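Structural overview
Letter by letter, the chains look like this.
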Number of protein chains: 4
Amino acid sequence: MKTALVGVTGYGGMVLYQLLQQHPAVTEINLYGHSQTTDQPLSEAVPMFGISATAMIHPYDVATIMAANDVVFFATSAGVTSQVAAPFIAAGFPVIDLSGDYRLKQPATYEKWYHKPAAPQAALDAAYYGLAEFGQVGSAKYVANPGCYATATLLGLAPLAQNDLIQPDSIVVDAKSGTSGAGKKLATSTHFSQTNENLQLYKVDQHQHIPEIMQQLQAWNPEIPAIEFTTTLIPVTRGIMSTIYAKVKPGTTAEQLVAAFETTYQHADFVRFGATLPMLKQVQGTNFCDLGLQYNPVTHNVTVVSVIDNLIKGAGGQAIQNLNQMFGLDAAAGLPTHVIMP
Amino acid sequence: MKTALVGVTGYGGMVLYQLLQQHPAVTEINLYGHSQTTDQPLSEAVPMFGISATAMIHPYDVATIMAANDVVFFATSAGVTSQVAAPFIAAGFPVIDLSGDYRLKQPATYEKWYHKPAAPQAALDAAYYGLAEFGQVGSAKYVANPGCYATATLLGLAPLAQNDLIQPDSIVVDAKSGTSGAGKKLATSTHFSQTNENLQLYKVDQHQHIPEIMQQLQAWNPEIPAIEFTTTLIPVTRGIMSTIYAKVKPGTTAEQLVAAFETTYQHADFVRFGATLPMLKQVQGTNFCDLGLQYNPVTHNVTVVSVIDNLIKGAGGQAIQNLNQMFGLDAAAGLPTHVIMP
Amino acid sequence: MKTALVGVTGYGGMVLYQLLQQHPAVTEINLYGHSQTTDQPLSEAVPMFGISATAMIHPYDVATIMAANDVVFFATSAGVTSQVAAPFIAAGFPVIDLSGDYRLKQPATYEKWYHKPAAPQAALDAAYYGLAEFGQVGSAKYVANPGCYATATLLGLAPLAQNDLIQPDSIVVDAKSGTSGAGKKLATSTHFSQTNENLQLYKVDQHQHIPEIMQQLQAWNPEIPAIEFTTTLIPVTRGIMSTIYAKVKPGTTAEQLVAAFETTYQHADFVRFGATLPMLKQVQGTNFCDLGLQYNPVTHNVTVVSVIDNLIKGAGGQAIQNLNQMFGLDAAAGLPTHVIMP
Amino acid sequence: MKTALVGVTGYGGMVLYQLLQQHPAVTEINLYGHSQTTDQPLSEAVPMFGISATAMIHPYDVATIMAANDVVFFATSAGVTSQVAAPFIAAGFPVIDLSGDYRLKQPATYEKWYHKPAAPQAALDAAYYGLAEFGQVGSAKYVANPGCYATATLLGLAPLAQNDLIQPDSIVVDAKSGTSGAGKKLATSTHFSQTNENLQLYKVDQHQHIPEIMQQLQAWNPEIPAIEFTTTLIPVTRGIMSTIYAKVKPGTTAEQLVAAFETTYQHADFVRFGATLPMLKQVQGTNFCDLGLQYNPVTHNVTVVSVIDNLIKGAGGQAIQNLNQMFGLDAAAGLPTHVIMP
């Protein structure tokens, strides 16, 4: 399979490129830069790849991309993808899009949370939201790959929401993220002297992954009216931990909670539900989402802890899962399971 | 004033010693080691003090301590203080105790959460819980200095609980702590290769500061039945952030919430309530507890963020506040306000 | 190929196990624990592997290991391997040993630096020192895999020493290491609250890799009498940087220095010599040793910077290189080249 | 004493401001911003000071500064101070300058290393280089406060250079610095996702503190022709470690080396020479420079380790030492000795 990748210089693109290189069915990876006019060596654009990275990044050109590839990945920023993806949609050319531009079905919702113009309604309708454990790409040609916070949070909430085990208005999500989620762009909040030895909340109640989470949650359980969702930047490079709190419905037992998780994920290759609460480190470098829960009989609260590598399960890894579905490959093909440790 | 300090070799004791050295009313600091039989140079017991630390640590002896000092601080572990403090209580000698041994009024509660024998009921009755912003030591001779998590959490909840602004069964506390809270004792969870780049939950629903928080909350507002309380170890040395969530009572406005915090702390020297959510770094090295809040009109949730330096406001600094109250000194005497930055 | 691994629970063993799992020629990996008496699940012995690690660790038994495997890896500690390896040596069974027990040819040298009894002289004579870029295992049956500091330092010094470009008594090596080099064993120097925000020198002039480096350097250039070698523990989990200083011989030019490095490593798969000084991060997760140099015409000093992932190129990765040589496999088989980034 | 501080918003200025607040002889601190046109609240310019920082930063005006203050501190960048300091020099008004603009006596040297126009020769001649342990400000009115790397390195080399104990062309300095030395300015090298888990060399053989070190070293010992000096950025916020290597002169003993350090610093309040090599953490937050040495009889090399807090002893703390000298105050007045620990 020949694959195109637009946007290899961002953190998400870098990691996706590495994953594609390890994929057994991918024979060719062609790199394109949205704002480039001439070829540029990858080793120059991303020095951290080292001098052994001899690939070239080519200028972005729709016709060239379609002619030379079977599928295109967009690892471009929100607001950029929707400006360049139209010809692919029109042509029915396979696209896997890591940006947030086609995840929300309502243009007004997108514009409210992203503060940018939305893609056309018809394109939004055609896009498939690729939360890999809950659906199949099928014949869809445009996959909107879920956001990192959304992935960690939805996988932690799915068994509760789908099985109607919690009080719908009681969900609180305290999500913690490493700095790679904020990308390469320099900012005061990610300046080492400020980030190190610090904890910083940001975008409280305003994170753009909130509507994406709500859209999916309500598809599962329309009674859920809203969630409380905060994000805290931690002095770690990679990973997200979503700590999820909810009151269980009267009569719900700890055993029912555990059973719901076990049943939901019994056939999932990349979601592991264990007897202990997971730590962040056990998923770094992998496509796993690790889950654990604890029920508190005093407060009738269930605490679910969900950890992922934001750049793999929360981005490029899930994109590969969607690629595998789209082309009928083995579900686990090309996906990393070896944790970075220590 | 002549002061005794038992337990200078732990992190809490080290920092308290530094604070005592800077206190204008303290003329003498005598160090004692609970398990020592001969004098030991401080520079040897705590190399990080450097060779200029020429003080000696003396063997622990009740009569000597009483004869040579006006007050004794215990920076010993839970379970140790209650074994050695009885003669001081009997004599009515002033004690400020940083351990958890005399914070809880019910021996059974102590034994349930600490898994150790409790102090006698009479001694527990006589002890004063020294949450510095909410009371005065007065004529009490035995001050139980609050725990670090309890301090951050109670200061964040006080205006809400006292003014009856929240639904009593809706409180969720997601507390994050640096590693110094776990002390000098070596453990896998604080081994650098494991702690670094990691987030680890521990003692979920089982942290021994939970009953201390509940005891005080119910004194303020008996309707509060319980709280959900989790603790996450973060790769930072110093500091605690308590992120507190609660549903407000119907009709409560954002303005009322802000007003409650402003009123509660208008005369507090060391609690700062600001317009933005605080970051952890802005209190490291100080005795401040910084607070901020955000009201979410969609979920009717109020999020309160409370940050402290666990070893100062959460331990030695608050102990100094209690010293100042006990001896009628200026409330801010000897307390650090200069943040470590960057 | 069927492989045995003794000592999977240490950091070196964990990473070697992951590498063996990715090796295309390895069909079976059997785990053995030196001090175990019954089977133990890997997921229990090393929780960070996660619940998907279903392998078992078996009790150590020489006959079983020989019967069931084609080669055995020892990831056991110095002093342990020499106690258990004798039967394998006697039988001519293939061994790759990651400990320091068979690296030094002189028993007295081993005993001086390791403070333990040395292996017998005959066994030391038979062992092959497997610095992968400088030799071939050939018919040797016992490979002593080089130490991490030795690997980084020797690869940086080889072109200078072999080509006689530097004043032999002028070598200074300032090596920096992350904490994983110190292993899982708890220690004050690797307690997070002490390691974090700190730099700590240790074993100055006394590190046990010094004699190993000298033995190889003198094989290349007998005029080198000694090196100055310090080690500093840095608040990073993985990686070693060796910063190497030496005075060049009169008349040596920058061009000659560069040419020596380029020539030496022109056919090396895993040593990359670049135009800029490498940073540590560019090799984490890979088997690369990245090198760069700068010549100072004012001081006539050449500075060489050598970076490796201590657990891969400095341990398990080089062990795989030696496996590949031993069994005539492709030199790069099973070796990781994808950097962990960001 | 009334003091003016120009440049409080940089890291150096922030810390100097805190030190001045703690100085017993300083009754007034007036803040000025070089590029400001109206008053600005300090809490707004430097949010990390918190809302309790009620001071104002005033626009920069020479006449106002002279009229309202007894001394002015410049915590402005190199290239800025020399543009604004002339009127103060002309008036003989006391200045303590933390920039590098007046440290070098030769304009050509400044221009070569700083890539900016130098101050006039007469002004350079009049400036006093304030390495606090080696001289007295006396009647000088313009103090050029030494650089951070220069301070750590010169204090480590002084006993060796002054007593002629080392081979003059053999000095190698491997200096490591935390990120605060690079200031608040955003840069890729200090972006958390790049700095964390990394070691990065920068400005090898080109750091602007090299000529300052050489100027002072040659004043002590004209035989020293040059030094090899590298700088490595480490994932730590505060502190510098200079590891210094040199060959001793034939016949020099370890005892002579130790004696030279002990004699040199026997009356120094802020240089501590100890029996063990210091770690970085033991000086953070203090004005101490801690030194240790080890002699290697095999290589005839002496290794000196020198650690400082770059923002205190390497900047604001030494500025206070110079203030104390200039105004005849107690040498230790206002200087912090309490280490940040853990």
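Residues numbered from 1 in each chain as written. Chains lettered and ligands numbered in written order. Predicted model: local features only at pLDDT ≥ 70, side-chain atom pairs only at ≥ 80, totals over all residues. Heavy atoms only, no water.

Along the chain, Thr243 of chain C turns up in strand 12 (residues 240-247). The exposure class of Thr243 of chain C is buried, given its relative accessible area of 0%. Here the side chain of Thr243 of chain C touches Lys176 of chain C through a polar contact of 2.8 Å, side chain to side chain. Those residues within four positions of Thr243 of chain C in sequence are excluded, and the remaining contacts are Val172, Val173, Asp174, Lys176, Thr303, Val304 and Val305 of chain C together with Asp174 of chain D. (Helix = DSSP H or I, 4+ residues; strand = E, 2+ residues; numbered from the N terminus. Buried < 20%, exposed > 50% of the residue type's maximum accessible area, 1.4 Å probe, protein only. Polar contact = N/O pair within 3.5 Å; in protein donor to acceptor, adjacent residues only side chain to side chain. Contact = heavy atoms within 4.5 Å.)

With that settled, the discussion passes to the relation of the copies chain A and chain B. Here chain A sits on chain B after a turn of 180° about the axis and a move of 0.0 Å along it, with an RMSD of 0.0 Å. Such a combination of rotation and displacement between the chain copies is what one expects of a two-fold axis. (Least-squares fit on C-alpha atoms with pLDDT ≥ 70 in both.)

Bringing the UniProt feature "active site" (unreviewed entry) in chain A into the picture now. Here the UniProt feature "active site" (unreviewed entry) sits at Cys148 of chain A. On the secondary structure map, Cys148 of chain A appears in helix 8 (residues 148-162). (UniProt positions renumbered as here; feature names shortened; annotations may be inferred.)

Now for the sheet that holds strand 1 (residues 2-6) of chain D. All names here are of chain D. Here eight strands make up an open sheet; going across it, the order is 3-4-2-1-5-6-8-7 and the pairing mixed. Because the sheet does not close on itself, it has two edges, and the strands there are strand 3 (40-41) and strand 7 (128-129). Here strand 1 pairs with strand 5 (residues 71-74) via four bridges, running parallel. Directly across from Ala4, in strand 5, lies its bridge partner Val72. Packing against the sheet, helix 12 (residues 312-326) makes contact with strand 5, strand 6 (95-97), strand 7 and strand 8 (142-144), and its axis sits at approximately 160° to strand 6. (Pairing = 2+ DSSP bridges. Axes fitted to C-alpha atoms, helices over the stretch in contact; angles between N-to-C directions.)

The buried fraction of helix 1 (residues 11-21) of chain B is high, at nine of 11 residues. Looking only at helix 1 of chain B, the buried set comprises Tyr11, Gly13, Met14, Val15, Leu16, Tyr17, Gln18, Leu19 and Leu20 of chain B. Contacts made by the buried residues of helix 1 of chain B are with strand 1 (2-6), strand 2 (28-33), helix 2 (42-45), strand 5 (71-74) and helix 12 (312-326) of chain B together with helix 9 (192-195) of chain C.

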